[in-house]
Amino acid sequence: MLNKFFGHFSHDLGIDLGTANTLVYVRGTGLVINEPSVVAVNTKTKQILEIGDAAKKMVGRTPANIVASRPLVDGVVSDFEVTEQMLKYFIHKVHKETFSFLPRPRVVIGLPSGVTEVERKAVEDAAKNAGARQALLIEEPMAAAIGARLPVQEAAGSMIVDIGGGTTEVAVISLGGIVAARSLRIAGDELNEDIIQFARDEYNLLLGERTAEDIKIAIGSAYPLEEKLEAIMRGRDLVTGLPKAISIDSDQIRQAIQKSVNAIVEAVKMTVEETPPELVADIMDKGIYLAGGGALLRGLDKMLSLSTKMPVHVADDPLTSVVRGCGLVLEDIDSLKEVLVSTDYEKSPK
Ligand code: ADP
Ligand code: MG
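Residues numbered from 1 in each chain as written. Chains lettered and ligands numbered in written order. Predicted model: local features only at pLDDT ≥ 70, side-chain atom pairs only at ≥ 80, totals over all residues. Heavy atoms only, no water.

S.K.: What's the story with the sheet that holds strand β4 (residues 39-42) in this structure? I'm lost.
M.R.: Adjacent strands of a sheet pair through backbone hydrogen bonds, lying either parallel or antiparallel. Across the sheet, 3 strands lie side by side as β5-β4-β6; this open sheet has antiparallel pairing. Each end of this open sheet is capped by a strand with a single partner; those strands are β5 (47-51) and β6 (66-69). The mean angle between the axes of side-by-side strands here comes to 25°, regardless of whether they run parallel or antiparallel. The sheet contact formed by β4 and β6 spans 4 bridges and is antiparallel. By the bridge assignment, V41 is partnered in β6 with V67. (Pairing = 2+ DSSP bridges. Helix = DSSP H or I, 4+ residues; strand = E, 2+ residues; numbered from the N terminus. Axes fitted to C-alpha atoms, helices over the stretch in contact; angles between N-to-C directions.)

S.K.: What's the story with the side chain of K216 in this structure? I'm lost.
M.R.: Positionally, K216 belongs in helix α7 (residues 209-219). With no salt bridge to any partner, buried K216 finds its closest opposite charge in E213, at an N-O distance of 4.6 Å. Within polar-contact distance, the side chain of K216 engages the side chain of N192 at 2.9 Å. Setting aside anything within four residues of it in sequence, one finds K216 in contact with G188, L191, N192, I195, L297 and R298. (Buried < 20%, exposed > 50% of the residue type's maximum accessible area, 1.4 Å probe, protein only. Lys, Arg positive; Asp, Glu negative; His and termini not counted. Salt bridge = Lys/Arg side-chain N within 4 Å of Asp/Glu carboxyl O. Polar contact = N/O pair within 3.5 Å; in protein donor to acceptor, adjacent residues only side chain to side chain. Contact = heavy atoms within 4.5 Å.)

S.K.: Hey, could you run me through helix α8 (residues 250-274) in this one?
M.R.: Because each turn of an α-helix spans 3.6 residues, side chains separated by three or four positions end up pointing in the same direction. The end-to-end C-alpha separation of α8 is 34 Å, in line with the 36 Å expected for 25 residues at 1.5 Å each. Along α8, the sharpest kink reaches roughly 55°, centred on Q258. A side-chain oxygen of the first residue of α8 lies 3.0 Å from the backbone nitrogen of D251; this N-cap is D249. (Expected span 1.5 Å × (residues − 1). Bend = angle between axes of the 7 residues up to and from the residue.)

S.K.: What am I meant to see in the packing of helix α6 (residues 188-203) against α7 here?
M.R.: Look at α6 against α7: their axes get within 9 Å of each other, and the N-to-C directions meet at 105°. Comparing the axis directions of α6 and α7 gives the class roughly perpendicular. Counting all contacts with α6, which are made through G188, L191, N192, I195 and I196, the residues of α7 involved are E209, A212, E213, I215 and K216. (Parallel < 35°, antiparallel > 145°, perpendicular 65-115°, else oblique.)

S.K.: Mind showing me how you'd approach the packing of aromatic side chains here?
M.R.: Geometrically, a pair of aromatic rings is defined through the distance of the ring centres and the angle of the planes. For the structure on display, the rule yields 2 aromatic pairs. Each ring, one from Y89 and one from F90, has its centre 5.1 Å from the other, and the planes form 70°; the classification is edge-to-face. Under the relative-accessibility criterion, Y89 is labelled partly exposed at 29%. (Phe/Tyr/Trp six-rings, centres within 6.5 Å; stacked < 30°, edge-to-face > 60°.)

S.K.: Explain the site of ligand 1 here, please?
M.R.: Around ligand 1, the structure places 17 residues, and the nearest of them are T19, A20, N21, E213 and K216. Between ligand 1 and the protein, one listed contact pairs an oxygen atom with a backbone N or O atom of A20 at 2.7 Å. Contact between ligand 1 and G293: an oxygen atom at 3.0 Å from a main-chain N or O atom of the residue. Protein coverage of the free-state accessible area of ligand 1, which is 580 Å², stands at 90%. Among the cavities detected, the one that contains ligand 1 is the largest pocket. Those elements that place two or more of their residues in the shell around ligand 1 are α6 and α7. Its residues assigned to classes, the shell around ligand 1 comprises 5 nonpolar, 9 polar and 3 charged. (Near = heavy atom within 4 Å. Areas by Shrake-Rupley, 256 points an atom, 1.4 Å probe, with all protein chains shown as cover. 1 Å grid on protein atoms, 1.4 Å probe; cavity = no way out; pocket = protein on both sides within 12 Å on 5 of 7 lines; lining within 4 Å. Sits in = over half its atoms within 2 Å of the grid points. Nonpolar A, V, L, I, M, F, W, Y, C, P; charged D, E, K, R; others polar.)

S.K.: Could you clarify how one ought to interpret the layout of surface pockets in this entry?
M.R.: Take a probe with the size of a water molecule and roll it over the atoms, and the empty space left behind shows itself. The space that makes up the largest pocket amounts to roughly 930 Å³. Together, 40 residues line the largest pocket, and A20, N21, G164, G165 and E213 are the ones closest to its centre. The set of elements that each furnish at least two residues to the lining of the largest pocket consists of β2 (21-26), β9 (158-163), α6 and α7. The greatest single-element share of the lining of the largest pocket, amounting to 6 residues, is contributed by α7. Residue composition of the lining of the largest pocket, grouped by class: 14 nonpolar, 14 polar and 12 charged. (Points joined across faces, edges and corners; volume = space filled by probe spheres on them.)

Any functional reading would require information beyond the geometric quantities listed.
This is the structure we're talking about:
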C-alpha cells in the first residue's frame, strides 16, 4: 500500500551505459548524471579508487600500479566486475541525492546491440545487485531513435547512426523493432588514435589521448571546411624526449582520420543496401539521423549525405539521445514495452 503510494514518486532511472560516458535520467526530474565511464583501479590490491569524473582526471597521470580502466571500451561488457561497481556507484549516487526511503528503482539501461545474451544477463544482475528492483534493457540505437523522437513504432522506416567512443551503431527501425543493423568498433576513440598515429608518423611527436581528442573537437572534420582551422599539438618529441609544439590545420587532421570516417560511411551504406526498399523510401523522405558524440564531427552529416544520397540530420543534443530515449521509455513504459529486449517487464510489470 505504502509502496504503491510512493511508487508515484519512485526515482526510476534511465541509464546510458556508454563506452565513453554514462548518463543517468531520473523519471520526473531529468538528466542528473553525466560522467565518463572510467574506473581507476589499483592493480595490486584490485581496489577501485575512483569512478567517473574523478577517475578520468587520473587517465595518463597515474603511477604504474593504478590503471584508469574503461570497462565498456569496446562497446561490450568486457570487465563485468568493474561494470557492476560502476553501475552501483551511479545508482547509489542518485539514491543518495533523492529520497532514499522510496522504493528501489526500476531501471532502463541502454546497451550496445552487439552484446551477447550472457552479457545482457550480467548487466541485469549488476543492476539488481546495485539496488534496482527491475532492470529493463533496451538496445542503444533504439533508445537513440526514441530520444531523437523518431516514430519507431510506426510501420515506417527510421534510420539512426549512433557514433560513440568505442562503437558506431547503425540501425533501421520499424514497428518497434530493429530491421537491419550494423555495429562496428570504429568510432570517436579510433579518430583520436588516428591523430596520435599521424603526429607520430609526421612529426615524431608523442601525443596524449586527451590532447588528441581536444584537437579532434577543436578542428576535426569529415568534409572540407569553408574556412581552414588551425591548432597547436603539444606533446613529447620522440627523438629528444623534450616537449614539442607543432602547428597543424584542419586539412591535415581530416586526412589523418579519413580512413576511419570512410569505414563509418561504408557501414551506413551497407546497412542501407540491406534495408527493404519500402523502408528505404521512408528514410529518403525523412532522412538519416545521427546521434552520439561522434555526430558532432564537422561535416560528417554532409559527407554521409553525399555518399548515401539521402538527407542527413544531426539529432538535437546528440550526446544525450540515448539517455533521453531511456527516459521516454520509463515515462511511458506500458506503450513502449515492445521496444525492450528484456522480458523482465512481462514477468512483473510492477
Ligand atoms: P558513448 O555512447 O560510447 O559513451 P558518446 O556518445 O558519449 O559515446 O560520445 C563520445 C565520443 O564523442 C568521444 O569519442 C568524443 O571524443 C566524441 N565527441 C564529443 N564531442 C565531439 C565533437 N564536438 N566533435 C567530434 N567528436 C566529439
Ligand atoms: Mg552511446
